[in-house]
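Report on the structure
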Amino acid sequence: MTDRLSGKRAIVTGAASGIGEASAKMFAAEGARVFCVDLDADGVRATAETIGDGTVAHVADLSDPAAAEAMTAAAIDALGGVDVVYACAGIAGSGTAADTPMDQWDRVIGVNLTSKWLSFKFALPHMVEQGSGSIIIQASIGGILGVPGIFPYAAAKGGCIAMTRQAAVEYGPSNVRFNGIAPGQVPTPLVVKSYEGGGGMTAGMGVEEGMRRVAELYPLRRTGTVDEVAALATYLASDESAWTTGQIHVIDGGITAQ
Ligand code: NAD
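Residues numbered from 1 in each chain as written. Predicted model: local features only at pLDDT ≥ 70, side-chain atom pairs only at ≥ 80, totals over all residues. Heavy atoms only, no water.

**Examining the pairing of strand S4 (residues 84-87)**
By the alternation rule, side chains of S4 split into Val84 and Tyr86 and Val85 and Ala87, which are all buried. Two elements, strand S1 (residues 9-13) and S4, share three bridges in a ladder whose sense is parallel. Bridge pairing links Ala10 to Val84 in S4. Here S4 runs beside strand S5 (residues 133-138); their pairing, made up of four bridges, is parallel. Looking at the pairing, Ala87 lines up with Ile137 of S5. (Buried < 20%, exposed > 50% of the residue type's maximum accessible area, 1.4 Å probe, protein only. Helix = DSSP H or I, 4+ residues; strand = E, 2+ residues; numbered from the N terminus. Pairing = 2+ DSSP bridges.)

**Focus: the sheet that holds strand S6 (residues 176-183)**
Strand order in this open sheet of seven strands is S3-S2-S1-S4-S5-S6-S7, and the pairing throughout is parallel. Because the sheet does not close on itself, it has two edges, and the strands there are strand S3 (56-59) and strand S7 (247-251). Pairwise comparison of adjacent strand axes, ignoring direction, gives a mean angle of 20° for this sheet. Two strands pair when backbone bridges link them, and S1 and strand S2 (residues 33-38) are joined in this way by five bridges, in the parallel orientation. Directly across from Ile11, in S2, lies its bridge partner Phe35. Those strands touched by helix H3 (residues 65-79) are S1, S2 and S3, and its axis lies near 160° from that of S2. Strand contacts of helix H9 (residues 226-237): S4, S5, S6 and S7, with the helix running at about 165° to S6, the strand carrying the most contacts. (Axes fitted to C-alpha atoms, helices over the stretch in contact; angles between N-to-C directions. Contact = heavy atoms within 4.5 Å.)

**Overview of the nonpolar core**
If you look at soluble globular proteins, the nonpolar side chains tend to sit buried side by side. Counting 38 residues, the largest nonpolar core has Ile11, Val85, Phe120, Ile135 and Phe178 as its most contacted members. Take this core: its biggest share by element is six residues, from H3. Counting residues in each nonpolar core, the second largest holds 24 residues, with Val12, Cys88, Val229 and Leu236 among its members. (Core = buried A, V, L, I, M, F, W, Y, C linked by side-chain atoms within 4.5 Å.)

**Here we look at the packing of helix H1 (residues 18-29) against H9**
Packing of H1 against H9 leaves a shortest axis separation of 8 Å and a crossing angle of 55°. Classified by the angle between their axes, H1 and H9 sit oblique to one another. When the axes of H1 and H9 are compared, the crossing they make is right-handed. Within the contact between the two elements, H1 uses Gly18, Ile19, Ala22, Ser23, Met26 and Phe27 and H9 uses Val226, Asp227, Val229, Ala230, Ala231, Ala233, Thr234 and Ala237. (Parallel < 35°, antiparallel > 145°, perpendicular 65-115°, else oblique. Left-handed = near helix turned anticlockwise from the far one by under 90°.)

**Considering the environment of Ile137**
By the element assignment, Ile137 lies in strand S5. On the basis of relative accessibility, which here comes to 0%, the residue Ile137 falls in the buried class. Linking Ile137 and Ser119, residues 18 residues apart in sequence, is a C-alpha distance of 9.4 Å. For Ile137, the residues in contact, after removing those within four places along its chain, are Ala87, Lys116, Phe120, Cys160, Met163, Thr164, Phe178, Asn179, Gly180 and Ile181.

Encoded structure:
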């Protein structure tokens, strides 16, 4: 590793598992001080312990505005400020437009859209005051392409894409950058839950068979890895991407190209 994030203070949400966990570890390996946040107490503590160097683990349900505000205050206190927020936490969200129950809609929008906003909302005044900041919002190709059976998830991810562009325009003059990441399929616990929930292109197949069939659809003939997405997040967190804002960075083995 090359210290590409040396001096950066980063909040990473969803740090207990999958892409958020890999990103928290990569940010730290690149020299950032990382504040790890998740609903899963054991998982987020394990990530922070693995990173070491006094890395703080913070447990919060980020769909709760008071918890998100308290999280940001604790991060600024622990890190002495904040330069990067990677809003990565998310959940699966199956259902069609007709059969999605209201409570499922509320939870999926609450975690996959509202919590993304709340994860950076309270950091923004600090970034504006210091005249810099990089905010990374985890979208999905599910917010770009229609995929049968993930109606509430797609609606939330489409909202993440619009939010990224909107906030980039609002905060560009303050040198606070917003970039979205839209991955294709990366095997993680969220994807397993999505298969178990019966959503997506492979509804009705088992997890293993579904993943194998999906991998065949990609031009690169495989799904992604958490480290491949973490590497993109590292670039967007770093000053290497200083002139990049308002963009949705698709990382998907080429599936949206066909
Ligand atoms: P994951 O299940 O491995 O990790 C998600 C983490 O978010 C978990 O640790 C979970 O506890 C945490 N979380 C869930 N609800 C929370 C809440 N209310 N408050 C705080 N933390 C909460 O999943 P992942 O695949 O690594 O997903 C990370 C992000 O990437 C999500 O936003 C997901 O939608 C997005 N994404 C994933 C894929 C994929 O194929 N894995 C594809 C596109 C987008």
